[in-house]
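Descriptive structure summary
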Amino acid sequence: MALTHADELKRLAAVAAVAEVPEDIFLGIGTGSTVNFFIDALVQSGKRIRGAVSSSEASTERLRRYGIPVLDATELDTVPLYVDGADEIDPDFAMIKGGGGALTREKIVAAMAERFVCICDERKLVERLGRFPLPLEVIPMAERLVSRRLRELGGEPRRRLGFVTDNGNAILDVHGLVIDDPDALETALNDLPGVVTNGIFAHRRADVLLLGTGEGVQRRERAVTKR
Ligand SMILES: O=C(CO)[C@H](O)[C@H](O)COP(=O)(O)O
């Protein structure tokens, strides 16, 4: 199948990320189409890793098809590197993630990682987060309560229909939230009873951004030390 322009830019960023991977490590692996390109490129490169900690059943299946051992996150304290995509990333490397619904496991593996390399195409880089609807993983019995609280915060939550997370929960995609302070909103949303995870990644930001653009891959490092 022919790749779209956006796919081609995702693939460029994914291929560039292979150079960031030290040989013989346990590697954290994200979820999504950009990460799929990355897994394929890693295998094609012939670079050897000891194994992967995966953020979704989908990525686990792809890794195992290639014969890459997948470890449970409980088997390791840390991983040296986590590679994942994003739905949006701002100039300070805070992100919205969870478009694929894997945000909870992504946040866990990202938090285990000493270094987070984000791979995406140039459309994902935004001045301010929030055009992409913010995903929240919610325990089903809390859906109504959480939705009400989200409306009070100015958002419009919509249940992702026909979708159940790998953890057996629901996803609310929240439209219209103003995200002036990603750190504060991440904390506030975590505080709502029944919210498992929200898709703001500000407490654990990316360290390196590989951005696929029409002019090639831009590599950027996060300037300031944030959490
Ligand atoms: O957070 C994610 C999945 O939960 C993905 O990283 C995000 O949705 C980007 O996906 P893609 O690489 O397919 O554009």
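Note that this is a predicted model, so its numbers are computed, not measured. (Residues numbered from 1 in each chain as written. Predicted model: local features only at pLDDT ≥ 70, side-chain atom pairs only at ≥ 80, totals over all residues. Heavy atoms only, no water.)

A few points about the pattern of salt bridges
This is how it is decided: For salt bridges, the criterion is a side-chain nitrogen of Lys or Arg within 4 Å of an Asp or Glu carboxyl oxygen. Only runs of H or I of at least four residues qualify as helices and only runs of E of at least two qualify as strands under DSSP, and these elements are numbered from the N terminus. Burial classification: accessible surface area is computed with a 1.4 Å probe over protein chains only, and a residue below 20% of its type maximum counts as buried, one above 50% as exposed, and the rest as partly exposed.
Applying the stated criterion across every chain, the model contains 20 salt bridges. The residue Glu 221 makes a salt bridge to Arg 115 at a minimum N-O spacing of 3.9 Å. Of this pair, Glu 221 sits in strand E14 (residues 216-221) while Arg 115 sits in the loop between helix H4 (103-112) and strand E7 (116-121); the two residues are 106 residues apart in sequence, bridging distant segments of the chain. Classification of Glu 221 by relative accessible area gives partly exposed; the value is 48%. The closest approach of N and O atoms between Arg 128 and Asp 180, which form a salt bridge, is 2.7 Å.

Examining the environment of Ala 6
Operational definition: Two residues qualify as a contact provided that any one of their heavy atoms is within 4.5 Å of a heavy atom in the partner residue.
Examined against the element boundaries, Ala 6 turns out to sit in helix H1 (residues 5-17). The exposure class assigned to Ala 6 is buried, which follows from its relative accessible area of 17%. Measuring from C-alpha to C-alpha, the distance between Ala 6 and Gly 176 comes to 25 Å, with 170 residues separating the pair along the chain. Once residues within four sequence positions are removed from consideration, Ala 6 is found in contact with Asp 121 and Arg 123.

Re the packing of helix H2 (residues 33-45) against helix H3 (residues 57-65)
The relative placement of two packed helices comes down to the angle between their axes together with the axis-to-axis distance. What counts here: Axes, fitted as lines to C-alpha atoms, cover a helix only where it is in contact. Angles between the N-to-C directions of the axes lie from 0 to 180 degrees. Angle categories: roughly parallel below 35 degrees, roughly antiparallel above 145, roughly perpendicular from 65 to 115, and oblique for all the rest. Crossing handedness is read from the near helix: turned anticlockwise from the far helix by less than a right angle, it gives a left-handed crossing, and turned clockwise, a right-handed one. The classification used treats Ala, Val, Leu, Ile, Met, Phe, Trp, Tyr, Cys and Pro as nonpolar, Asp, Glu, Lys and Arg as charged, and all other residues, Gly among them, as polar.
Packing of H2 against H3 leaves a shortest axis separation of 10 Å and a crossing angle of 15°. With respect to their mutual orientation, H2 and H3 come out roughly parallel. In this structure, H2 meets H3 at a crossing whose hand is right-handed. Between H2, through Val 35, Asn 36, Ile 39 and Asp 40, and H3, the contact on the second element is made entirely by Ser 59, Arg 62 and Leu 63. In terms of residue class, the contact of H2 with H3 is built from 3 nonpolar, 2 polar and 2 charged.

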